[in-house]
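Summary of structural features
Below, each chain spelled out in residue letters.
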Protein chains: 2
Amino acid sequence: MGEFDLIERFFKRPARRNALGVGDDCALLAPAAGMQLAVSSDMLVEGRHFLPAVDPARLGHKALAVNLSDLAACGAQPLAFTLALSLPQADEAWLAPFARGLFALAEAHECELVGGDTTRGPLNICITVFGEVPAGQALLRSGARAGDDLYVSGSLGDARLALEVSRGALSVPADALERARARLDLPTPRVALGQALRGLATACIDVSDGLLGDLRHVLRASAVGAAIDAGACLALMDCAVQLDPDTRLEWVLAGGDDYELLFTAAADRRQQVEAAARAAGTRVTRIGRIEAAPGLRLFDATGHRIARQFASFDHFA
Amino acid sequence: MGEFDLIERFFKRPARRNALGVGDDCALLAPAAGMQLAVSSDMLVEGRHFLPAVDPARLGHKALAVNLSDLAACGAQPLAFTLALSLPQADEAWLAPFARGLFALAEAHECELVGGDTTRGPLNICITVFGEVPAGQALLRSGARAGDDLYVSGSLGDARLALEVSRGALSVPADALERARARLDLPTPRVALGQALRGLATACIDVSDGLLGDLRHVLRASAVGAAIDAGACLALMDCAVQLDPDTRLEWVLAGGDDYELLFTAAADRRQQVEAAARAAGTRVTRIGRIEAAPGLRLFDATGHRIARQFASFDHFA
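Below is a short write-up of the structure. Note that the coordinates shown come from a computational prediction; the quantities given were computed from them, not determined experimentally. (Residues numbered from 1 in each chain as written. Chains lettered and ligands numbered in written order. Predicted model: local features only at pLDDT ≥ 70, side-chain atom pairs only at ≥ 80, totals over all residues. Heavy atoms only, no water.)

Secondary structure assignment for chain A yields 10 helices and 12 strands. Computed over the C-alpha atoms, the radius of gyration of chain A is 20 Å, within 12% of the 20 Å expected from 2.2 N^0.38 for a compact globule of 317 residues. Counting only C-alpha atoms, chain A reaches 65 × 50 × 35 Å along its principal axes. When burial is assessed residue by residue, chain A has 60% of its 317 residues classed as buried. Contacts spanning at least 24 positions in sequence make up 86% of the contacts within chain A whose residues lie at least 6 apart. For chain A, the accessible area works out to roughly 12100 Å², and carbon and sulfur atoms hold 50% of it. (Helix = DSSP H or I, 4+ residues; strand = E, 2+ residues; numbered from the N terminus. Rg over C-alpha atoms; globule rule 2.2 N^0.38 Å. Buried < 20%, exposed > 50% of the residue type's maximum accessible area, 1.4 Å probe, protein only. Contact = heavy atoms within 4.5 Å. Areas by Shrake-Rupley, 256 points an atom, 1.4 Å probe, with all protein chains shown as cover.)

So, about the sheet that holds strand β5 (residues 124-134) of chain A. Taken in spatial order, the 5 strands of this open sheet run β4(A)-β3(A)-β5(A)-β2(A)-β1(B), and their pairing is mixed. Here the strands that pair on one side only, and so sit at the sheet edges, are β4 (112-120) of chain A together with β1 (27-29) of chain B. Each strand axis lies, on average, 20° off the axis of its neighbour in the sheet, ignoring direction. The sheet strands contacting helix α3 (residues 92-108) of chain A are β3 (77-87), β4 and β5 of chain A, and the helix crosses β3(A) at an angle near 165°. (Pairing = 2+ DSSP bridges. Axes fitted to C-alpha atoms, helices over the stretch in contact; angles between N-to-C directions.)

Moving on, we get to the sheet that holds strand β3 (residues 77-87) of chain B. Judged by pairing direction, the sheet is mixed, and its 5 strands sit side by side in the order β1(A)-β2(B)-β5(B)-β3(B)-β4(B) without closing on themselves. Where the open sheet ends on each side, the last strands, each with one partner, are β1 (27-29) of chain A together with β4 (112-120) of chain B. Neighbour to neighbour, the strand axes of the sheet diverge by 20° on average, direction disregarded. Where β3(B) lies against β4(B), 8 bridges are found, and the strand directions are parallel. Of the residues in β4(B), the one forming a bridge with B:Thr82 is B:Gly115. Contacting β3 and β4 of chain B, helix α1 (residues 3-11) of chain B crosses the sheet at an angle of about 145° to β4(B).

So, about the pairing of strand β6 (residues 149-153) of chain A. Residues and elements named next belong to chain A. β6 sits mainly inside the fold: 5 of its 5 residues count as buried. Side chains of β6 alternate between two faces, with Asp149, Tyr151 and Ser153 and Leu150 and Val152 buried alike. With 5 bridges joining them, β6 and strand β10 (residues 284-291) adopt antiparallel strand pairing. Within β10, the residue paired with aspartate 149 across the bridge is arginine 289.

What follows is the structure, given as structure tokens:
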């Protein structure tokens, strides 16, 4: 199977929403009048972002999901993506399920594959995703204000639990592991929630490197600080597994690979935030508030300051 | 040096032309009214697209140049790009010249880095580039018609000469090698020519896998055939090195890594094509014509058909 057969067989679909799709030097996109195009790129490397043994269908899902999560964090509606793929060989038994997992998620979001590149090399998946957002309405990291509430969507820490089990650090019952593994391999990009938060959230980011690490990006961009309720955070882990509270707190606050939305909103808009979450079918939890004093302060259920440090994920640290 | 320091030090520049650049979940692009966005992705892998010993400044240039060449082939004006980079380590001695070579070319084309990703892994450079083209005016592969002239820009085959020397297949004088190496490492994307050909070329593609291989994409997309003048092609190689004519013809027709534009135009528009080439400061050569009969026919200077087969580059063949 040659390079062009491979593209033809696994990755070429007719362009429906976009002017020109796979098969020319460029794809052509035309955002509707008054819309800006939101763009994000994420690269997934074997051994770094996924294990060699991962199910290729799940990998196809995840490679697109982590990119859609960036669109969600901007409040953008998915439109199209490009896929650049470096593969050790043109292996149909890998390509067919990879494409199936990828396109299942793409179709669920009406997000078209419009172009890309395939080459031989160590397994590497680079997706660039495009979404539309009304001009001036994108959710940014820089809009958090003192007094705002701080929220996070869904659950946190379960992906890290699955990773630690695969590293042999602990063992958990099979059903709990299956659910945790689904969180690690099949993250749900919060696309509907991101759009529902337009005009409502003052700042938003997706949690990919760990809640505290990603929160620091918001605090720095907004020039504010935050107080976090650790008790509310502990309840964010779904899997009912016996863990010491310190470990649980670390995995919730600095676990990584969660792909939830962390966002701020004015305190007098709590009802609207709840309504947006309901409309999007996504749970959100209020976990703290934004303060004028720089820095990040963590409090336990009794209101005492917690002094521990948490490291967020850094590929080069 | 951590991941975010690396981005801050080497890759963060203020956004000037685009609404939002590096440092949020998404970049924001807004094509001007009446414009479409042309998008292309290319991935460069160590050992496949470049040798480990390559000068990082040249690699920075080439990684963007091959993407700009795709915009050129569509007649689009460069606007912005994203960079996803997988690196074995955060090595300043590599990153500084890589960024220098990359930004020198980016600035020459006023093409802004607006986002991307950095991760640890085998060296892999994935760029997605964005350009603007008036709606409906993009140059496509599908517009060639019987009777059209067939042209190619610049020179062909010299990059292959440099590659063969680096493989030890032949040796050539140092000054000739230096010029050939510049063609391999520092290709010139024909951006001005591509724009000058809007409304004039009936089809266009960039020559990256070899002239004949890329021409076949045009012929298939346009449902036509072509007759090629091999004598005109032989003159396309710049480096005045002693080579047997068969080898020279193969490197010109199927060398790869040329990044020239191959395009068609109606035979009654030769003067306009010459004027467009002059305005763009780029030489173009008429090398054949489009015919109704499918297939690709090659003729020597005496008008005799040449029966040889030429294979174009395929990563998985």
